[in-house]
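# Examining the three-dimensional arrangement
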Amino acid sequence: MLRFAFLFLTLLPVMGLTQVRLEVEVHGVASSEGAVLVALYNEESGFLKFDQVFHSTGSPAVKGVTRIVIEDLPRGDYAIAVFHDENGNEELDANWLGIPKEPLGFSQARMKTFGPPKFRECVVSLQHDLIVKIPLE
């Protein structure tokens, strides 16, 4: 019985505690229209490609700050992209030049003059429960 208890206590950190909670606070939400959508990427090669999102979710927009909680994520490095889908069509609307018409933001980085930041500029290390604040531009 003592061996079982020791084994259980030894494996406890591996069982169940490898998953973490991420709270994304999106600041600067202009209205409560539509939704705020979040995409997590875990590989540089797939960054900002819709078909290579590691995890995506959303929440109804709340004017000011919208909070989105993602439970049970594996520990690791992630780049986060968010946007305020004001018209609720679940797409980032852009003009004829490809410039986004809806507010968006990234973890750890901002839009550049000629495009979005790189994956490595946006990476956050998720090793424990974390709150990430992202301003919309």
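All residue numbers refer to position in the chain's written sequence, counted from 1. In keeping with the model being predicted, local features are shown solely for residues with a pLDDT of at least 70 and side-chain atom pairs are shown and tallied solely at 80 or more, while totals for entire chains, interfaces and linings include all residues. Heavy atoms from the whole structure form the basis of all side-chain values; hydrogens and water molecules are not counted.

Quick look at the overall build of the chain now. Strands are runs of DSSP state E lasting at least two residues, helices are runs of H or I lasting at least four, and both sets are numbered from the N terminus onward. When its secondary structure is counted, the chain shows 2 helices and 8 strands. Starting at the N terminus, the α and β elements of the chain follow one another as α-β-β-β-β-β-β-α-β-β. Each of the 137 residues in the chain was classed as buried or not, and the buried ones make up 35%. Restricting to contacts in the chain with at least 6 residues of sequence separation, those with at least 24 account for 69%. Computed with a 1.4 Å probe, the accessible areas rest on the Shrake-Rupley method; for each residue, only the protein chains presented here act as cover. As displayed, the chain offers around 8600 Å² of accessible surface, 57% of which is attributable to carbon and sulfur atoms. Any residue under 20% of the maximum accessible area for its type is buried, any over 50% is exposed, and the rest in between are partly exposed; the area is computed with a 1.4 Å probe on protein chains only. Should any heavy atoms of two residues lie within 4.5 Å, those residues are considered in contact.

A few words on the side chain of Asp-85. Along the polypeptide, Asp-85 turns up in strand S5 (residues 76-85). Within the local environment of Asp-85, its side chain forms a polar contact with the backbone nitrogen of Asn-89, the two atoms lying 3.2 Å apart. In protein, a polar contact requires one atom able to donate a hydrogen and another able to accept it; more generally it is a pair of N or O atoms within 3.5 Å, and residues adjacent in sequence count only if both atoms are side-chain atoms.

Attention shifts here to the nonpolar core. Core analysis: the largest hydrophobic core is formed by 20 residues, its most contacted members being Leu-22, Val-38, Leu-40, Leu-73, Ile-80 and Val-82. Those elements giving two or more residues to this core turn out to be strand S1 (19-29), strand S2 (35-41), strand S4 (64-74), S5, strand S7 (123-126) and strand S8 (130-135). Counting residues per element, this core draws most heavily on S1, which supplies 5 residues. Beyond its immediate sequence surroundings of up to four residues, Leu-73 is in contact with Thr-18, Gln-19, Val-20, Leu-22, Leu-40, Phe-54, Tyr-78 and Leu-126. Membership of the second largest hydrophobic core comes to 13 residues, among which are Leu-37, Tyr-41, Leu-104 and Phe-106. In plain words, nonpolar cores are sets of buried Ala, Val, Leu, Ile, Met, Phe, Trp, Tyr and Cys residues tied together by side-chain atoms within 4.5 Å.

Read these as spatial facts, not as claims about activity.
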